[in-house]
Amino acid sequence: MKITEILRLKEMNIFTYRDIGQSVGCSKTTVGEILSRCKECGLTYESASTMTQSQLNELIYPDTFGPKQVKDEPDWDHIHARLQSSRKINLQYIWENDYRPVNPDGYSYSRFCAKYIEWKKHTGKEVVLPQEREPGKELFIDWVGDKLSCVVDYNTGEVHEAHFFVTTLGDGSYPFVEAFPDETQLNWNQGHIDALEWYGGIPRVFVPDNCKTAVIHTSLYDPEINHAYRDLARHYGVAIIPARIVKPRDKATVESGVGWLETWLLEWLKDKIYYSFEALNHDIRERVVDLSKRKFKHREGSRESVFLALDKPCLRPLPMEHFESFITRIVNKVPNNYHVEYNGFYYSVPYRFYCQMVIIHAFAKKIEIFSKDGERIAIHTRRFNGQRYVTDSDHMPENHKTVVAFRSYDGKYYRAKANLIGQSTGTFVSRLLENADFEEQAYKSCMGVINFSRTYGDYRVEKACEKAIRLNSVTYTTLKNILRNGQESQGELANASDSDDPTPLHENLRIGEWM
């Protein structure tokens, strides 16, 4: 109470300003200023001793401690509700467009933000309810926001984006990740099927995000579930409870899991190239297994150990039959190449169904084709990249099988077939292949040599090849002439001019001219 003490000492009339300042711990100038202010407002020691320090401050320094103009407080409840209603709205937008035009003398933007934070703390909006997950109860599902262009069509070079389906389960947030070419309903359902296979059991609740493949109409009290998704949940006996809109803490485990996987999985995949989604998913699963074995930083164990100890024992067993969802497409007439098209790829059916109607069942990972009588006539792995035609050789007529088989033969095949006939035949075919500018140019000749064994037998072909090699005339035409004329067993020197016998003398000899 410096003011009261200064007044008391001054009214004793025995101390200078310097003495009073030294007594109360201030300068003589401050003592003089306080006494001058007290004189202006008629304040004495007797009246000051009955007042509080705040009352004295307001009386002596009205500009600093006096009553201030109180600004109207914004409607923080309404502002908070607007922020929660949309991710596109932030405090700066509300301050510039809603608050400032109506309150030009109101809070500055920085003070507005500080007051909002203070209001949230005071009303308990900042505190978080601890989430204790019941082991094996809830499976949290979402798509990763980031995509990677890491799957390349080997034949065309076309690059495909990979979309990452993510789930986390139970107390340890044990993850499952699978890459798909898109985020369609088929792939959404297939991701669930594969996730349940991965975990080896069924939880009691699915907690998906509010995407269209899960929820048709969002509502806090009565959300409308997508029909195809509902059928999957009924098959496995699972409840679907979508997370509330703009309530990330409802699915905090999958949100944190997505962030963790974006760092440790997607960054790891970023510079890699794959030629199929099967190869990509193989690496993803191996990586997720390794990541799940890493120790927690703030608790004992790892995601894998917590899953095995707590969550997996609480899962229900998988049903005997897998859930399968598919899209149906009717093909009114099978074309003459006995392949039917689905999403840019062509799948074979038995050739006898040419000109008949067939029905395609397109699953997430396979294509099944049925006759109009309901008989399944073909099944193929579904293609998303690579060669456009997917053909089962059993669907071909015999002449097509022969053509395809011929196209698949290479130099190694022809050498092996020729060596079965004999050593000389093997040498003959090897020289045919080596003498060609390009090995493929000799394939038909090699096939002709091998087919001679059907007409002439292995022994004659072997002898003919042996003779052609001795004549240093390793060609298909030479071998054909030898076999056709039966020369494989004749001597090589057939002309008399090549004989060792002397030429007999006769009148046409012109010997003397050179003697």
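In the block above lies the structure referred to throughout.
Now for a look at the structure at hand.

Rules of the game
- Residues numbered from 1 in each chain as written.
- Predicted model: local features only at pLDDT ≥ 70, side-chain atom pairs only at ≥ 80, totals over all residues.
- Heavy atoms only, no water.
- Core = buried A, V, L, I, M, F, W, Y, C linked by side-chain atoms within 4.5 Å.
- Buried < 20%, exposed > 50% of the residue type's maximum accessible area, 1.4 Å probe, protein only.
- Helix = DSSP H or I, 4+ residues; strand = E, 2+ residues; numbered from the N terminus.
- Salt bridge = Lys/Arg side-chain N within 4 Å of Asp/Glu carboxyl O.
- Pairing = 2+ DSSP bridges.
- Contact = heavy atoms within 4.5 Å.

Considering soluble globular proteins, one finds that nonpolar side chains tend to be buried as a cluster. W188, Y199, F206, Y229 and Y236 are the most contacted members of the largest nonpolar core, which has 28 residues in total. Of all the secondary structure elements, the ones that give two or more residues to this core are β1 (138-143), β3 (159-169), β4 (174-180), α10 (185-199) and α11 (227-236). Sorting elements by how many residues they give to this core places α10 first, with five residues. Counting 23 residues, the second-largest nonpolar core is a separate cluster that includes C446, I450, V474 and I482.

Moving on to the pattern of salt bridges. According to the stated counting rule, one finds 18 salt bridges in the structure shown. With a closest N to O distance of 2.7 Å, D194 and K365 form a salt bridge. One end of the pair, D194, is in helix α10; the other, K365, is in the loop between β12 (358-362) and β13 (366-371), with 171 residues separating them in the sequence. Overall, D194 belongs to the buried group, its relative accessible area being 11%. The shortest N-O distance in the salt bridge between K366 and E368 comes to 2.9 Å. Residue classification places E368 among the buried positions, given a relative accessible area of 7%. When salt bridges with common partners are traced through the structure, they connect E324, K366, E368 and R376 into a single cluster.

Time to look at the environment of E134. Mapped onto the secondary structure, E134 falls in the loop between α9 (109-123) and β1. By relative accessible area, E134 is classed as partly exposed at 38%. Residues E134 and L169, spaced 35 residues apart in sequence, show a C-alpha to C-alpha distance of 9.9 Å.

Here the focus is the sheet that holds strand β15 (residues 389-390). One key point about sheets: their strands pair by backbone hydrogen bonds, in either a parallel or an antiparallel sense. Within the open sheet, the three strands sit side by side as β10-β11-β15. Their pairing is mixed. The sheet terminates laterally at β10 (339-342) and β15, the two strands that pair on one side only. Here four bridges tie β10 to strand β11 (residues 345-348), and the two strands are oriented antiparallel to one another. Pairing of V340 across the sheet is with Y347, part of β11.

Quick look at the environment of I482 now. With respect to the helices, strands and loops of the structure, I482 is situated in helix α19 (residues 476-484). On the basis of relative accessible area, I482 is assigned to the buried category, the value being 3%. Setting aside chain neighbours within four positions, we find I482 in contact with A464, K467, A468, Q487 and E488.

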